[in-house]
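Here is what each chain is made of, one letter per residue.
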Number of protein chains: 2
Amino acid sequence: MTTNPQAAQVQTIAFVLYPGITALDLVGPLQVLAGLAQASPGFEVAVVAERLGPMPTDTPLAVAADRTFEEAPHPFALVVPGGDAPALRAMGDPRLLDYLRGAAEGAEIVASVCTGSLLLAAAGLLEGRRATTHWTYRHLLGVFGAIPVAARWVEDGPVVTAAGVSAGIDMAFHLAARLAGAPTARLLQYALEYDPQPPQGGLDWDDAPGDVFAPFVDRYVREAWSARPEWIERLDARR
Amino acid sequence: MTTNPQAAQVQTIAFVLYPGITALDLVGPLQVLAGLAQASPGFEVAVVAERLGPMPTDTPLAVAADRTFEEAPHPFALVVPGGDAPALRAMGDPRLLDYLRGAAEGAEIVASVCTGSLLLAAAGLLEGRRATTHWTYRHLLGVFGAIPVAARWVEDGPVVTAAGVSAGIDMAFHLAARLAGAPTARLLQYALEYDPQPPQGGLDWDDAPGDVFAPFVDRYVREAWSARPEWIERLDARR
């Protein structure tokens, strides 16, 4: 509790951390919105997790949150990163899903990156909503009543979902413009020198190597969802 | 020491961590090259620091290395992230500079992101070399005998320097293609769905807000280099 009226007005953008996340899913948008918080004192960013202390990512880097779920129960905005198998397993973590449901209730923005949208889906937050995720996982969204969309990011009411991994950066600049205005977002873009020049150019979706990734995705899903046969059934029924 | 000839052939790409780094400087290229290591068993990635245990970044996220400097003295490749004031202060950290010099000696690739190139410069590794850094810090490179270049990334012999923050991702895809070939790099690009769509488009360098950033950069430099008056003198002499 605080009696400082200014502090009480700070709006928290909470990034959700759980073991095994794809590091860039978290750090891309975190870097953008940490810049927003620096430029706009009305906002702050936090990284929230079930516990403090280092957690593994899908790289050798371990990362640690600065707040527990209990310390950030009602954020202004929620951002949920994804991952491969660990994100699919996290869909069965009741404490994580409970936090997402409670935090989403009063949040003005409920966002995800990559397969983070599958966690929102498992928490029941995407029913009837247009949403996206990593392109190799997009067929899973329908299992939870979401309407899959192939787009860099999708905004449906308070829910903003980004495509795979690096798409979180684009989504975060969109959110920065929405929250603080286009000029501030542009300044942040110069600060992060976000002027992408992929050495081989952009992606060609007609040439996407879906066959290379599909067997991995299918195995991750069946292993991670082994305790949820109804999800597997619904998935197979949709084929 | 190992007697397993296969293990002995694994080439380590070492990301250097120190307190206060810009998180995305590290995590952008780390994510790309961790994917490379997954796709190409001849490579591994490591995050090296003076000590293990969480270190602060310029966001609320703390990050931890998985190896000490002593555990990775001779990496195949070195990648040095940057930061604002903390990177400038790290230019005076003798243990970090000693590690960079020793590790760079036998490395095939000595890379940096953003102001990470200033650490290479302070270690004496950029003399006479073409290099880049974050656009707001580019004028500092000449203080250390480097030739500043305005480019997304610059390759000069073993030294590959990237521009600010997000440029590390582009540089890493370039390195992935150089190390494992263009088809593998392209597969990684699909895996990270790296198909950037900045909501406000690319940057316009004729419109860059240098005046907004210059006072901060100047203050950071003068504070961080207060124990190195010869650097300040050389900087002022170049104006």
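Nothing here was measured: the structure is a model prediction, and the numbers come from that model.

Draft legend 1. View of the pattern of salt bridges. Summed over all chains, the structure comprises 24 salt bridges over all chains. A salt bridge links E230 of chain A to R228 of chain A; its shortest N-O distance comes to 2.8 Å. We classify E230 of chain A as partly exposed; its relative accessible area is 30%. Given the relative accessible area of 30%, R228 of chain A is considered partly exposed. Of the charged contacts in the structure, one is a salt bridge between R239 of chain B and D236 of chain B, with a shortest N-O distance of 3.7 Å. Accessibility expressed as a relative area gives 33% for D236 of chain B, which makes it partly exposed. Via salt bridges that share partners, D218, R222, D236 and R239 of chain A belong to a single interconnected network.

Draft legend 2. Molecular detail of helix α4 (residues 94-106) of chain B. All names here are of chain B. L96, L97, Y99, L100, A103 and A104 are the residues of α4 that are buried. Taken down its axis, α4 places every buried residue within 155 degrees of arc, on the same side. For α4, the exposed residues set more than 90 degrees away from the buried face come down to P94, R95, E105 and G106. If you follow the buried residues of α4, they end up packed against β1 (11-16), β2 (43-49), β6 (77-80), α3 (85-90), β7 (109-112) and α5 (116-122). The N-cap residue of α4 is D93: its side-chain oxygen and the backbone nitrogen of R95 are 3.0 Å apart.

Draft legend 3. Quick peek at the side chain of T133 of chain A. Along the chain, the position of T133 of chain A falls in the loop between β8 (130-131) and β9 (147-148). Of note is the side chain of T133 of chain A, whose polar atom sits 3.3 Å from the side chain of S117 of chain A. The residues contacting T133 of chain A, other than those within four sequence positions of it, are C114, T115, S117, L118, R138, L141, A162, A163 and G164 of chain A together with E193 of chain B.

Calculation notes
Residues numbered from 1 in each chain as written. Chains lettered and ligands numbered in written order. Predicted model: local features only at pLDDT ≥ 70, side-chain atom pairs only at ≥ 80, totals over all residues. Heavy atoms only, no water. Salt bridge = Lys/Arg side-chain N within 4 Å of Asp/Glu carboxyl O. Buried < 20%, exposed > 50% of the residue type's maximum accessible area, 1.4 Å probe, protein only. Helix = DSSP H or I, 4+ residues; strand = E, 2+ residues; numbered from the N terminus. Arc of directions from axis to C-beta. Contact = heavy atoms within 4.5 Å. Polar contact = N/O pair within 3.5 Å; in protein donor to acceptor, adjacent residues only side chain to side chain.

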